[in-house]
Amino acid sequence: MAILQYREALRAAMTEEMERDERVFLMGEEVAEYNGAYKVSEGMLEKFGPKRIIDTPISENGFCGLGVGAAMNGLRPIIEFMTFNFSFVAIDQIINNAAKIRYMSGGQFKVPIVFRGANGAAGQLAATHNTSTESIYSTVPGLKVITPSNPDDAKGLLKSAIRDDNPVLFMESEVMFGMKGEVSDAEDYIIPIGKARIAREGTDVTIVAHSKSYWIAMKVAERLEYEGYSAEVIDPRTIRPLDIDTIVESIKKTNRCVIIDESNPFASISSEMTYQIQERAFDHLDAPIVRITAKDVPAPYAKNLIEYYMPQEEDAYQACKRVMYVQ
Amino acid sequence: MAIPVEMPKMSDTMEEGVLAAWLKEEGDTISAGDVVAQVETDKATMDLEVYDDGVLLKRVIEEGDSIPIGGLIAILGKAGEDVSAILASYSGGSAPVAPAEAPAPAAVEESAPVVPQSAPVAPAPVVAPAPAPIVEGRIKASPLARKLAKDKGIDLALLQGSGPEGRIVKRDIEAALVSASAPAPQAAPQVQAPAPQVAAQAASMVPAASGDSYESVRISQMRKTIAKRLAESKFTNPHFYLTIDVDMGNAVDFRSRLNEKAAAKELGKVSFNDLVTKACALSLRQHPWVNASWMEAEGEIRLHHDVHVAIAVAVDEGLITPVVKHADRKGLAQIGAETKDLATKGRNKELTPEDWSGSTFTTSNLGMFGIEEFTAIINPPNACILAIGAIRDTPVVDNGAVVPGKRMKVTLSCDHRVVDGATGSAFLGSVRGYLEDPVTMLL
């Protein structure tokens, strides 16, 4: 096991895949000369040269379209968004072209492309730079959405995403780029897309949480353990396709579920999970499913407000107590 | 200040007492410990002792009157003192009541933990099967509870839910299964058809054809918690017991002098129990291994830096153990006032979790019932509990001569995983030291 930063794990995944397959290339704003806005691609220009590490103008709609065209013609582009907030400029390329061409061409074209970059809130960045986009993109058939919470998952899943023949949105986080963690040094370390990870086994309540929210879930589980309650924490890792089986199996054991989701609440990932859980595990539920989400407003700028806007550990903790009927 | 004498709880099942006979007249001078009347409970006729000195100002109830626990029996005080304020404050409760209203168990009981706890009490099930449907109309139950009930053949209409708004949840079904498997009149799972149910009701009106008849009492939350925690303590903690006899002569003098001063300052009286609390608190400070907890899950023994003494208080349904926090740093008057306040709150069900959690040691006093000595079950996660007996007038040998003496036996139950015989004995020696020379408690 090597200890790597989240950004180093991403870089390792891209580097390995580019060494393995010459059709893979990286394109985006500041990825080459500047070594990446968040230093994810540091040193890659030197290693692979300007034909495979490509700086673009500030023109998301343009370079995303270019990426989709390249993928249709047999290359395997990685498109970096400085943040997924900027992907909205290119939403037609992602939703109408990348997601649908394979279907509309009757399978004649494959679109093996990865869109990756920071997603979700990262402090005082105000309303337009703090969006959790995973709920928006996972509604679209044809897209895969991955949200790793730690360096190990980041590496194993990014390698899988690059090898996938379909468009994958790979969502990272500004606040996790510096996070260190153990990363498997198995040769060609691959984590399959669509498999959740049971991060912690428990018997009294299931907490489902992805990306940054996963770390809130782990803290809540520790607090509950101190009081004698046993929480099971599941990190779905992939939002679409969602590993609902693992979640349902857990709830059959615990009979209770709390979901922590940084998305805005309306029609969010937690809404979808709640639907699927009640559909498959209705007779196993001993309490209503509770979700803790960002507040239903644009992200505020003020420090105290953006902190309040985000899912709160205390709320998640209280929710667990509530579904266990121990309040 | 006039002092009310209340109907004490003389047995676990007692709800009210009948004043069988007055043994003192109004105007008689009474000393603490005197028997002023005899009270007939559901179990026996017992002596009613008073705990204060004074003149019997008023006999509030007549022989043959029945009053509930806590009702006013008599008033003590200085001769000629006004008793109207006390009478007014007990108005209603003091009057002899023929149909004594026992506090009816609330429809949905809060799962109020009874004893201090750092570990949580597992979701406590609420026992249910009552003979008739409890809920009219739509039954609220979790999907899981509905499925379990269907699988096990339990009629949800007969259950009382412990969830929000009476929702029947998994633990309620589990509790029903437990009580259904017990040899109770309703042993068999409820059948949904109405006819057998009517038959069952009718049957319960007449004594069973064979065997003795009995009354089936619903197990309250408090009794369940007591059962669970004390059984767990007694069967898990290796208990051993140390008894010591304390010469209370000095303590008796000390207390009466103290209470004279307290009365002058209009402070509440200090009881013998308060003296014991203080002596224990100071001794715990000196014996950290007694002020300790065996933490199985953490794999450690915890020596507490703070001294919080819990005091067992009898209440309607059982007992509670409110905590006098930082008892080692508090004066006797404050300990007395807090203990009294906590006991009152306990009886009125006004205690908050704050009041009963965090104890590091517990005392239990049955001296007022004339118990000479007894052993108590350790209150987890404490390492020890002190059982306090009555102060007895007894002949003692002093300098070769037999003279009257005052003695009190206290028994320390120790968790042998934490406390060894020598440690417990040293602690008891320290407690005895303070009580035999109470002035040292002020040092």
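What counts as what
As a convention, each chain's residues are numbered from 1 in the sequence order in which they are written. Each chain is given a letter, starting from A, and each ligand a number, starting from 1, according to the order in which they appear as written. Note on the predicted model: pLDDT of at least 70 is required for a residue's local features to be given, and 80 or more for side-chain atom pairs to be given and counted; whole-chain, interface and lining totals, by contrast, use all residues. Derived side-chain values reflect all non-hydrogen atoms in the structure, with water molecules and hydrogen atoms excluded from consideration. The helix count covers DSSP runs of H or I at least four residues long, the strand count covers runs of E at least two residues long, and both are numbered beginning at the N terminus. Classification of residues uses two cut-offs on accessible area relative to the type maximum, computed with a 1.4 Å probe and protein chains only: under 20% is buried, over 50% is exposed, and between them is partly exposed. Should any heavy atoms of two residues lie within 4.5 Å, those residues are considered in contact. The accessible surface values rely on the Shrake-Rupley method and a 1.4 Å probe; as for residues, cover is taken only from the protein chains in view. Buried area counts how much accessible surface, traced with a 1.4 Å probe, disappears from two parts once they are put together, with both parts' losses summed. Salt bridge, as used here: a side-chain nitrogen of Lys or Arg that lies within 4 Å of a carboxyl oxygen of Asp or Glu. Throughout this description, a polar contact denotes any pair of N or O atoms lying within 3.5 Å of each other; where both atoms belong to protein, one of them has to be capable of donating a hydrogen while the other can accept it, and for residues adjacent in sequence the pair is counted only when both atoms sit in side chains. The predictor attaches a confidence to each residue, and that confidence, scored 0 to 100, is pLDDT. At least two DSSP bridges between two strands are needed for those strands to be called paired. Axis lines are fitted to C-alpha atoms, over the contacting stretch for helices. Their N-to-C directions set the angle, which ranges from 0 to 180 degrees. Our angle categories are set so that under 35 degrees counts as roughly parallel, over 145 as roughly antiparallel, 65 to 115 as roughly perpendicular, and the remainder as oblique. Handedness of a crossing follows from how the near helix is turned relative to the far one, being left-handed for an anticlockwise turn of less than a right angle and right-handed for a clockwise one. In this classification, the charged set is Asp, Glu, Lys and Arg, the nonpolar set is Ala, Val, Leu, Ile, Met, Phe, Trp, Tyr, Cys and Pro, and all remaining amino acids, among them Gly, are polar. Here the nonpolar core consists of buried residues drawn from Ala, Val, Leu, Ile, Met, Phe, Trp, Tyr and Cys, with membership extended through side-chain atoms lying within 4.5 Å. Aromatic pairs are defined between Phe, Tyr and Trp rings, using the six-membered ring for Trp, whenever the two ring centres lie within 6.5 Å; interplanar angles under 30 degrees are classed as stacked, those over 60 as edge-to-face, and all others as tilted. By the criterion adopted, a ring carries a charge over it if an Arg CZ or a Lys NZ lies within 6 Å of its centre and within 35 degrees of its normal.

**As for the overall build of chain B**
Then comes step 1: When you go through chain B residue by residue, the secondary structure sums to 10 helices and 18 strands.
Then comes step 2: In chain B, which comprises 443 residues, the proportion classed as buried is 43%.
Then comes step 3: Residue pairs at least 24 apart in sequence account for 64% of intrachain contacts in chain B once pairs closer than 6 positions are excluded.
Then comes step 4: Roughly 22300 Å² of accessible area belongs to chain B as shown, and the carbon and sulfur atoms make up 56% of that amount.

**Thoughts on the interface of chain A and chain B**
Many analyses report the size of an interface as the accessible area lost when the parts associate.
Then comes step 1: Each side of the interface is counted separately: chain A has 15 residues, and chain B has 15 residues.
Then comes step 2: Across the interface of chain A and chain B, roughly 1200 Å² is buried in total on both sides, 55% from carbon and sulfur atoms.
Then comes step 3: Contact with chain B buries area across many residues of chain A, yet Asp283(A), Asp286(A) and Tyr325(A) alone supply 45% of it, more than any other trio.
Then comes step 4: Counting every contact that joins chain A to chain B gives 0 salt bridges.
Then comes step 5: The interface formed by chain A and chain B contains 6 residue pairs in polar contact (both at pLDDT 80 or more).

**Description of the pattern of salt bridges**
Then comes step 1: In this structure the tally under the stated criterion is 47 salt bridges over all chains.
Then comes step 2: Two residues, Glu300(B) and Arg302(B), come together in a salt bridge whose shortest N-O distance is 2.9 Å.
Then comes step 3: Among the charged side chains, a salt-bridge network with shared partners connects Glu16(A), Glu17(A), Arg20(A), Lys155(A), Lys159(A), Arg163(A) and Asp188(A).

**Thoughts on the confidence of the model for chain B**
All names here are of chain B.
Then comes step 1: Looking at chain B as a whole, its pLDDT mean stands at 81, while 81% of the residues score no less than 70.
Then comes step 2: Ranking the helices and strands of chain B by mean pLDDT puts helix 10 (residues 421-436) first, with 96, and helix 4 (residues 194-205) last, with 41.
Then comes step 3: For residues 184-209, every residue scores under 50 in pLDDT, and the model assigns this stretch 23 contacts once sequence neighbours within four places are set aside.
Then comes step 4: Across the predicted assembly, pTM comes out at 0.53 and ipTM at 0.76.

**Details of the sheet that holds strand 12 (residues 238-240) of chain A**
Residues and elements named next belong to chain A.
Then comes step 1: Strand order in the open sheet formed by 7 strands is 3-2-4-5-7-6-12, with mixed pairing between adjacent strands. Taken across any chain shown, the strands that pair with only one partner, and hence form the sheet edges, are strand 3 (53-55) and strand 12. Mean inter-strand twist for the sheet, computed between neighbouring axes without regard to direction, equals 20°.
Then comes step 2: As paired strands, strand 5 (residues 114-118) and strand 7 (residues 168-172) are joined by 5 bridges and run parallel to one another. Bridging from a neighbouring strand, Arg-116 pairs with Phe-170 of strand 7.
Then comes step 3: In this fold helix 7 (residues 151-163) packs onto strand 2 (24-28), strand 4 (76-83), strand 5, strand 6 (144-146), strand 7 and strand 12, with an angle of close to 160° to the strand it touches most, strand 7.

**Notes on the sheet that holds strand 16 (residues 361-365) of chain B**
One key point about sheets: their strands pair by backbone hydrogen bonds, in either a parallel or an antiparallel sense.
All names here are of chain B.
Then comes step 1: Across the sheet, 6 strands lie side by side as 9-18-17-16-12-15; this open sheet has mixed pairing. Two strands bound the open sheet, and with one partner strand each, they are strand 9 (239-247) and strand 15 (323-324).
Then comes step 2: Pairing analysis gives 2 bridges linking strand 12 (residues 309-311) to strand 15, with the strands arranged antiparallel. Each residue of the ladder has a partner; that of Ala-310, found in strand 15, is Val-323.

**Here's the deal with the packing of helix 1 (residues 6-20) of chain A against helix 7 of chain A**
Residues and elements named next belong to chain A.
Then comes step 1: Two numbers describe how helix 1 lies on helix 7: the axes approach to 8 Å, and their chain directions differ by 30°. One element, helix 1, and the other, helix 7, form an angle in the roughly parallel class. The handedness of the crossing between helix 1 and helix 7 is right-handed. Only Pro-151, Ala-154, Lys-155, Leu-158, Lys-159, Ile-162 and Arg-163 of helix 7 make contact with helix 1, whose side of the interface consists of Tyr-6, Ala-9, Leu-10, Ala-12, Ala-13, Met-14, Glu-16, Glu-17 and Arg-20.
Then comes step 2: Among the residues making up the contact of helix 1 with helix 7, the classes are represented as 10 nonpolar, no polar and 6 charged.

**Here's the deal with the pairing of strand 18 (residues 401-415) of chain B**
Residue and element names in this part refer to chain B.
Then comes step 1: The pairing of strand 9 with strand 18 spans 9 bridges and is classified as antiparallel. Across the sheet, the residue bridging to Ile-244 is Val-410, located in strand 18.
Then comes step 2: The turn joining strand 17 (residues 384-398) and strand 18, which pair antiparallel and follow one another in sequence, is formed by 2 residues; a positive phi near 55° is taken by Asn-399.

**Topic: the pairing of strand 8 (residues 72-77) of chain B**
Across a regular strand the side chains alternate sides, sitting on one face of the sheet and then on the other.
Residues and elements named next belong to chain B.
Then comes step 1: Most of strand 8 sits inside the fold, with 6 of its 6 residues counted as buried.
Then comes step 2: Direction of pairing for strand 6 (residues 54-59) relative to strand 8: antiparallel, over a ladder of 4 bridges. Residue pairing for strand 8: Leu-56 is matched across the bridge by Leu-76.

**Description of the nonpolar core**
Then comes step 1: In this structure, Phe361(B), Leu386(B) and Leu435(B) are the most contacted members of the largest nonpolar core, which totals 50 residues.
Then comes step 2: The element best represented in this core is helix 7 (residues 272-286) of chain B, accounting for 7 residues.
Then comes step 3: If we ignore the near neighbours within four places in the chain, the residues touching Leu435(B) are Val246(B), Asp247(B), Met248(B), Ala251(B), Leu275(B), Val276(B), Ala279(B), Met408(B) and Met441(B).
Then comes step 4: The next biggest cluster of nonpolar side chains, apart from the first, holds 42 residues, and it includes Cys64(A), Val145(A), Ala196(A) and Ile251(A).

**Considerations on the packing of aromatic side chains**
Residues and elements named next belong to chain A.
Then comes step 1: Within the structure shown, the criterion is met by 7 aromatic pairs over all chains.
Then comes step 2: When the centroid spacing of 5.9 Å and the interplanar angle of 10° are considered together, the rings of Phe-81 and Phe-115 count as stacked. Of the two residues, Phe-81 is situated in strand 4 and Phe-115 in strand 5; the sequence distance between them amounts to 34 residues. We note that Phe-81, like Phe-115, is buried.
Then comes step 3: One aromatic cluster in this structure is built from Phe-81, Phe-84, Phe-115 and Tyr-137.
Then comes step 4: Taking NZ or CZ as reference, Arg-223 lies 3.7 Å from the ring centre of Tyr-317, over its face.

**So, the side chain of Lys212(A)**
All names here are of chain A.
Then comes step 1: With respect to the helices and strands, the residue Lys-212 is situated in the loop between strand 10 (205-209) and helix 8 (213-226).
Then comes step 2: Judged by its relative accessible area of 16%, Lys-212 is buried.
Then comes step 3: Within polar-contact distance, the side chain of Lys-212 engages the backbone oxygen of Ala-121 at 2.8 Å.
Then comes step 4: The residues contacting Lys-212, other than those within four sequence positions of it, are Asn-119, Gly-120, Ala-121, Ser-173, Val-175, Met-176, Glu-262 and Met-310.

**A closer look at helix 12 (residues 313-323) of chain A**
All names here are of chain A.
Then comes step 1: Along helix 12, the positions that sit buried rather than exposed are Ala-316, Tyr-317, Ala-319, Cys-320, Lys-321 and Val-323.
Then comes step 2: For helix 12, the elements touching its buried residues are strand 10, helix 8, strand 13 (257-261) and strand 14 (290-293).
Then comes step 3: Positioned one or two residues after helix 12, Tyr-325 has a phi angle of 55°, which is positive.

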